[in-house]
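Chain by chain, the residues:
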Amino acid sequence: MNASKPQGKPTGPARVCILMGSDSDLPVMRKCMEQLDKLGVAWDAVVASAHRTPDRVQRYVREKDAAGCLVFVAAAGGAAHLAGAVAAQTTRPVLGVPMAVPPFNGLDALFSTVQMPPGMPVGTLAAGEYGATNAGILAAQIVAVGDPDLAERIRDDRDAMRAKVVEKNTKMRQDLGLPSEFV
Ligand code: RP5
């Protein structure tokens, strides 16, 4: 079935809140925002660092939690403690996106984000743009547990993705002079 497509940036109270350790993380985290826009999930974003502005992190998470945010996404690079610091302030699900900054290109941030002590889970995504994109989709999937229309839009999106893969296969097989479909 085709759920109605959202137009532009969704309005209303943010159901997903994105924290970034620095504005230098924004170009990558736009991938997350694009997914949320496409799926019609209202979001908010802030620059707040676990190390440079710990009090801002605490205030933002507590205020947004109280205002009805359902999922937090935290993106940080280097010694990336942001997702853990967010998890310490809320019982909402927290998704962590390690940013790929030099000299270790995200491996440091991946370990810092994924190796949370027992009792304080952070759902850690891939480093960089893959993780940012999937954080948007996964956050929407979590919100969709209580929103059947959103769940349908996510299914429609998957169907469109599958159709594209099949289309690419058909074109590639044509270019290679193979029969139209494999058997
Ligand atoms: C982290 O340090 C940020 O999340 C960013 O990925 C990295 C570098 O920050 P800037 O020096 O660009 O502000 O806290």
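Fair warning: this is a prediction, and the values are worked out from it, not measured in the lab.

Let us look at the pairing of strand S4 (residues 94-99). A large share of S4 lies buried, amounting to six of its six residues. Taking every second residue as pointing to the same face, both faces of S4 are buried, with Val-94, Gly-96 and Pro-98 on one and Leu-95, Val-97 and Met-99 on the other. Here strand S3 (residues 71-77) runs beside S4; their pairing, made up of six bridges, is parallel. Residue pairing in the sheet places Ala-76 in a bridge with Pro-98 of S4. In terms of handedness, the path from S3 via helix H3 (residues 82-87) over to S4 forms a crossover that is right-handed. Handedness of the crossover is the feature at issue here: the chain leaves S4, passes through helix H4 (residues 107-114), returns alongside strand S5 (residues 123-124), and the resulting connection is right-handed.

In this section: the domain arrangement of the chain. Assigned domains of the chain: these are domain 1 (16-146) and domain 2 (148-183). Put simply, the middle of domain 1 and the middle of domain 2, counted by C-alpha atoms, are 31 Å apart. With 10 residues of domain 1 at the interface, the matching set in domain 2 holds seven residues. Of the roughly 640 Å² buried where domain 1 meets domain 2, counting both sides, 63% is carbon and sulfur surface. For domain 1, the biggest contributors to the area lost against domain 2 are Leu-39, Gln-141 and Ala-144; these three give 63% of the whole. At the junction of domain 1 with domain 2, the criterion picks out one salt bridge. Of the charged contacts in the structure, one is a salt bridge between Lys-38 and Asp-157, with a shortest N-O distance of 3.0 Å. Between domain 1 and domain 2 we count two residue pairs in polar contact (both at pLDDT 80 or more) in total. Going through the elements one at a time, helix H1 (26-39) and helix H5 (129-144) are the ones with two or more residues in the side of domain 1 that touches domain 2. Of the residues contributing to the side of domain 1 that touches domain 2, the split by class is five nonpolar, four polar and one charged.

How each quantity is defined
Residues numbered from 1 in each chain as written. Predicted model: local features only at pLDDT ≥ 70, side-chain atom pairs only at ≥ 80, totals over all residues. Heavy atoms only, no water. Buried < 20%, exposed > 50% of the residue type's maximum accessible area, 1.4 Å probe, protein only. Helix = DSSP H or I, 4+ residues; strand = E, 2+ residues; numbered from the N terminus. Pairing = 2+ DSSP bridges. Right-handed = clockwise from strand over helix to strand, strands pointing away. Domains from an automatic or database assignment. Contact = heavy atoms within 4.5 Å. Buried area = accessible area lost by both parts, 1.4 Å probe. Salt bridge = Lys/Arg side-chain N within 4 Å of Asp/Glu carboxyl O. Polar contact = N/O pair within 3.5 Å; in protein donor to acceptor, adjacent residues only side chain to side chain. Nonpolar A, V, L, I, M, F, W, Y, C, P; charged D, E, K, R; others polar.

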